[in-house]
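Observations on chain architecture
Single-letter residue listing:
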Amino acid sequence: QVQLVESGGGLVTTGGSLTLSCAASETILAMNVLGWYRQAPGKQRETVARITVGVSTYYADSVKGRFTISRDNAKNAIYLQMNSLKPEDTAVYYCYMDRANVNYWGKGTLVTVSS
C-alpha cells in the first residue's frame with residue numbers, strides 16, 4: 001500500500017504563493033498518473049493538475065498560468081507550485097497517484113487564502 005503525505009499548506013494572503021509537496025512511500029516511477037485535487041467547503045472534489053505519464057499534463061482552467069505541477073523521481077515526490085493565489089483557491093488539497101488502475105490518496109493539506 002503506497003502512502004502519500006502532503007505538506008506545505010497554510011494561510012496566505014491574496015497574491016501570495018505556496019508550494020505543496022507530496023511524498024510517496026515507494027518509488028513513483030511506476031505511477032501512471034500523478035496529480036493534485038482540491039475540495040473547497042461545500043463543493044465537490046476537483047482536479048487541479050494532473051500528469052498522465054507519457055501522455056499529457058492537465059491543468060484546470062481556473063489555475064492555468066498560476067499553478068505548476070512537477071515531480072522529483074529521486075525523492076519520490078510531486079509538487080504543486082501555486083502563485084497569484086486567490087480566495088477561491090481556498091480548499092483542502094489532496095495528492096493522488098494511480099498505478100495499474102489502483103488509486104492512492106493522501107489525507108490532504110489545507111490552503112487558506114485570505115482577501
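Scroll up to find the structure.
Structural notes, computed from the coordinates. Just so it is clear, the model here is predicted, and its values are computed rather than measured.

The subject of this paragraph is the packing of aromatic side chains. Tallied over the entire structure, the rule returns three aromatic pairs. Judged by centre distance (5.3 Å) and plane angle (65 degrees), the rings of Tyr37 and Tyr96 are edge-to-face. Residue Tyr37 is found in strand β4 (residues 33–39), and its partner Tyr96 is found in strand β9 (residues 91–99); the two are separated by 59 residues along the sequence. Among the residues examined, Tyr37 registers a relative accessible area of 14% and is labelled buried. Here Tyr96 falls in the buried class, since its relative accessible area comes to 10%. Geometrically, the ring pair formed by Tyr96 and Trp105 is tilted, given 4.7 Å between the ring centres and 55 degrees between the ring planes. Taken together, the ring pairs in this structure connect Tyr37, Tyr96 and Trp105 into an aromatic cluster. The ring of Tyr94 carries the charged tip of Arg45 above its face, separated from the ring centre by 3.8 Å. In this structure, Arg45 is placed above the aromatic ring of Trp105, and the distance from its NZ or CZ to the ring centre is 4.7 Å.

Further remarks concern the side chain of Thr47. Inspection of the secondary structure puts Thr47 in strand β5 (residues 46–52). You can call Thr47 buried: its relative accessible area is 18%.

Moving on to the side chain of Arg38. Within the element layout of this structure, Arg38 appears in strand β4. Within polar-contact distance, the side chain of Arg38 engages the side chain of Ser62 at 3.3 Å. Looking at Arg38, its side chain comes within polar contact range of the side chain of Tyr93, at 2.9 Å. Each residue touching Arg38, except ones within four places of it in the same chain, is listed here: Gln44, Arg45, Glu46, Val48, Ser62, Val63, Phe67, Glu88, Asp89, Ala91, Val92 and Tyr93.

Here we take up the nonpolar core. Generally speaking, nonpolar side chains in soluble globular proteins are found buried as a group. Counting residues in each nonpolar core, the largest one holds 31 residues, and the members touching the most others are Trp36, Leu80, Met82, Tyr93 and Met97. Contributions of two or more residues to this core are made by β3 (18–24), β4, β5, β7 (67–72), β8 (77–82), β9 and β11 (109–114).

The full count for this structure, using the stated rule, is one disulfide. The disulfide partner of Cys22 is Cys95, and the gap between their sulfur atoms is 2.0 Å. Looking down the S-S bond of the Cys22 and Cys95 bridge, the torsion is -75 degrees, so its handedness is left-handed. Of this pair, Cys22 sits in strand β3 while Cys95 sits in strand β9; the two residues are 73 residues apart in sequence, bridging distant segments of the chain. The pair Cys22 / Cys95 is uniform in exposure class, with both members buried.

With respect to topology, four strands assemble into an open sheet ordered β1-β3-β8-β7, the strand pairing being antiparallel. The open sheet is flanked by β1 (4–7) and β7, the only strands paired with a single partner. On average, each strand axis in the sheet is inclined to that of its neighbour by 15 degrees, with strand direction left out of account. Taken together, the six bridges between β3 and β8 define a ladder with antiparallel strand orientation. Looking across to β8, one finds that Leu20 is bridged to Leu80.

What counts and what doesn't
- Residue positions are counted from 1 within each chain, in the order its sequence is given.
- In keeping with the predicted nature of the model, local features appear solely for residues at pLDDT of at least 70, side-chain atom pairs appear and are counted solely at 80 or more, and the whole-chain, interface and lining totals rest on all residues.
- Only hydrogens and water are set aside; all other atoms, that is, all heavy atoms of the structure, feed into the side-chain values.
- Planes of paired rings set the category: under 30 degrees apart is stacked, over 60 is edge-to-face and the rest tilted, where pairs are Phe, Tyr or Trp rings (Trp by its six-membered ring) whose centres lie within 6.5 Å.
- Helix and strand definitions follow DSSP, with helices as H or I runs of at least four residues and strands as E runs of at least two, each counted in order from the N terminus.
- When accessible area is computed with a 1.4 Å probe and restricted to protein chains, residues below 20% of their type maximum are described as buried, those above 50% as exposed, and intermediate ones as partly exposed.
- We count a charge as sitting over a ring when the NZ of a lysine or the CZ of an arginine lies within 6 Å of the ring centre and within 35 degrees of the ring normal.
- Contacts described as polar in this section are N or O atom pairs within 3.5 Å, which, within protein, must combine one atom able to donate a hydrogen with one able to accept it, while residues neighboring in sequence count only if both atoms come from side chains.
- Two residues form a contact once any of their heavy atoms are found within 4.5 Å.
- Each nonpolar core is a collection of buried residues, namely Ala, Val, Leu, Ile, Met, Phe, Trp, Tyr and Cys, held together in the definition by side-chain atoms within 4.5 Å.
- Defined by distance alone, a disulfide is two cysteine sulfur atoms within 2.5 Å.
- Note on pairing: DSSP must find at least two bridges between two strands before they are called paired.
- Axis geometry follows a simple rule: fit a line to the C-alpha atoms, using only the stretch in contact for helices, then measure angles between N-to-C directions, giving values from 0 to 180 degrees.

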